[in-house]
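Chain residues, written in single-letter form:
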Amino acid sequence: MKIFHTADWHLGKLVQGVYMTEDQEYVLNQFLQAIDEEQPDVVIIAGDLYDRAVPPVEAVNLLDSTLAEIVLKKKIPVLSIAGNHDSPTRVGFGQQMLKGSGLFIVGEQSAKIEPIILNDEHGEVHFYLIPFSEPSTVKHIFGEDSISNYNDAMKKVVEVIEDKMDKSKRHVFIGHAFVTPHGEMEDNTSESERPLSIGGSEYVSAEIFKPFHYTALGHLHKAHYVLNETIRYSGSLLKYSSSEANHEKGFLIVNLDAEGQVSVEKRPFKPRRDLRIIEGSIQEILKHEVCEDYVFVRLTDLTPVIGTMEQIRTVYPNAMHVERKALQQQFVAQEGQVVRREQMDDVSLFKAFYQEILGDTPSDIQVMLLQEVLDEMLSEERETKVMVMNK
């Protein structure tokens, strides 16, 4: 079976005040062309179809036209889930009607997890669509009081699937989570990824997904595999922040053979405009050839430059941001190392601030209380967005 694995479209994304809808449409047209050329058996979108719970009309129209082209015209089934940026109810609306046409979208987690079964010349492939869900939601659905973090929640979901799994079939898991090899803490791959929680409770161990022949993940914006090559992130549709400047964006072509063995090929997108970082003095930059790329500029000038953005846009008309390198690099001592302040997470910033003001390190209890407050704020923010959508 040939699978196209993509995720994190973030339709309606706003980057430094610029809507990326035209750029997204540009690469989605390449995706549609690749479908014509490769003739996949199924397309997976592993969450974050939209960038926010209430996307702009243009984003909704783009998703509608793209899915209609794939499902109705090309007759390729699409399997998709809600991510942490999506509104579960909005994304999941009409799923009972849509599945008849080959569009399977799961917005909210259910206690009853039934696979979508597709067939190829070798028999059945079972796809499990697991949308992003808070641990508290999974805890309530399955009545498991012991669930306290995302790893516990995912483990419970997979246990429910495994109980009814037909081992003679091939199985594919579709999820949206922060997966690391053994559930250890790791940095996000992009500044545009919203944290799922604070203090380590967002991480999910890749070992949980051993029952599946392939695991198609969304959430992290850099394409990579976790623990082994059958557990993969496809990465986002486009570069959505300066921290993604070195990413190569695209989608994955996954071939699943009769025995469930997997081979993966990455197919890159050619963006309408690249997003990159340039560095140099204003005089050096003004000598560059005119370029339409989205650029983040780091000026090396030690003295102030008058009308900086106006000057830069004579060469880079789509320049997004400019900063003075000398002012931007504010360094903080952290655990014997020196790191840039903007690279630190919330807890590390709190520790550095505490040390700077009081000359001491905060206690474990103080750090735990901060983490709990930040977690509550993140959860309340997501719940508020869902409530607004339901009104």
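Let me begin by describing the structure that accompanies this report.

So, how was this worked out
- Residues numbered from 1 in each chain as written.
- Predicted model: local features only at pLDDT ≥ 70, side-chain atom pairs only at ≥ 80, totals over all residues.
- Heavy atoms only, no water.
- Phe/Tyr/Trp six-rings, centres within 6.5 Å; stacked < 30°, edge-to-face > 60°.
- Helix = DSSP H or I, 4+ residues; strand = E, 2+ residues; numbered from the N terminus.
- Buried < 20%, exposed > 50% of the residue type's maximum accessible area, 1.4 Å probe, protein only.
- Salt bridge = Lys/Arg side-chain N within 4 Å of Asp/Glu carboxyl O.
- Polar contact = N/O pair within 3.5 Å; in protein donor to acceptor, adjacent residues only side chain to side chain.
- Contact = heavy atoms within 4.5 Å.
- Core = buried A, V, L, I, M, F, W, Y, C linked by side-chain atoms within 4.5 Å.
- Domains from an automatic or database assignment.
- Pairing = 2+ DSSP bridges.
- Axes fitted to C-alpha atoms, helices over the stretch in contact; angles between N-to-C directions.

## So, the packing of aromatic side chains
Applying the stated criterion across every chain yields a total of 11 aromatic pairs. Centre to centre, the rings of Phe4 and Phe251 are 4.8 Å apart; their planes meet at 45 degrees, and the pair counts as tilted. Residue Phe4 is located in strand E1 (residues 2-6), and its partner Phe251 is located in strand E15 (residues 250-256); the two are separated by 247 residues in the primary sequence. In terms of burial, Phe4 and Phe251 fall into one category: buried. Ring centres 5.9 Å apart and planes at 25 degrees place the aromatic pair Phe132 and Tyr150 in the stacked group. You can see Phe132 sitting in the loop between strand E8 (123-129) and helix H5 (135-142) and its partner Tyr150 sitting in helix H6 (residues 150-163), a full 18 residues away along the chain. We classify Tyr150 as buried; its relative accessible area is 7%. Here the aromatic residues Phe4, Trp9, Phe31, Phe251 and Phe269 are joined through ring pairs into a cluster of three or more.

## Quick notes on the pattern of salt bridges
A full pass over the atoms with the stated rule returns 20 salt bridges. A salt bridge links Lys266 to Glu248; the nearest nitrogen and oxygen atoms lie 3.9 Å apart. Note that Lys266 is positioned in strand E16 (residues 262-268) and Glu248 in the loop between strand E14 (228-233) and E15, a separation of 18 residues in sequence. Arg298 is the salt-bridge partner of Glu323, the closest N and O atoms lying 3.5 Å from each other. Taken as a pair, Glu323 in strand E19 (residues 321-324) and Arg298 in strand E18 (residues 294-299) lie far apart in primary sequence, 25 residues in all. Residues joined in a network through salt bridges with shared partners are Lys2, Glu38, Glu265 and Arg267.

## Some thoughts on the side chain of Arg267
Relative to the elements of secondary structure, Arg267 occurs in strand E16. A polar contact of 3.3 Å, which involves the side chain of Arg267, links it to the side chain of Glu265. In this view, Arg267 contacts Glu37, Glu38, Gly250, Phe251 and Ile253; residues no more than four positions away in its chain are not counted.

## Overview of the nonpolar core
Formed by 37 residues in total, the largest nonpolar core has its most connected members in Leu11, Phe31 and Val43. Elements that contribute at least two residues to this core include exactly helix H1 (21-38), strand E4 (42-45), helix H2 (57-73), strand E6 (103-106), E15 and E18. Composition of this core by domain shows at least three residues from each of domain 1 (2-268) and domain 2 (275-324). Look past the residues within four positions of Val43 in its chain and what remains in contact with it is Phe4, Phe31, Ile35, Ile70, Ile76, Pro77, Val78 and Leu79.

## Some remarks on the sheet that holds E6
Read across the sheet, 6 strands follow the order E6-E5-E4-E1-E15-E16 without closing on themselves; strand pairing throughout is mixed. Looking at which strands have only one partner, the edges of the open sheet turn out to be E6 and E16. Strand after strand, the sheet turns through a mean of 20 degrees between neighbouring axes, direction not considered. Packed onto the sheet, H1 meets E1, E4, E15 and E16 and runs at close to 170 degrees relative to E1.

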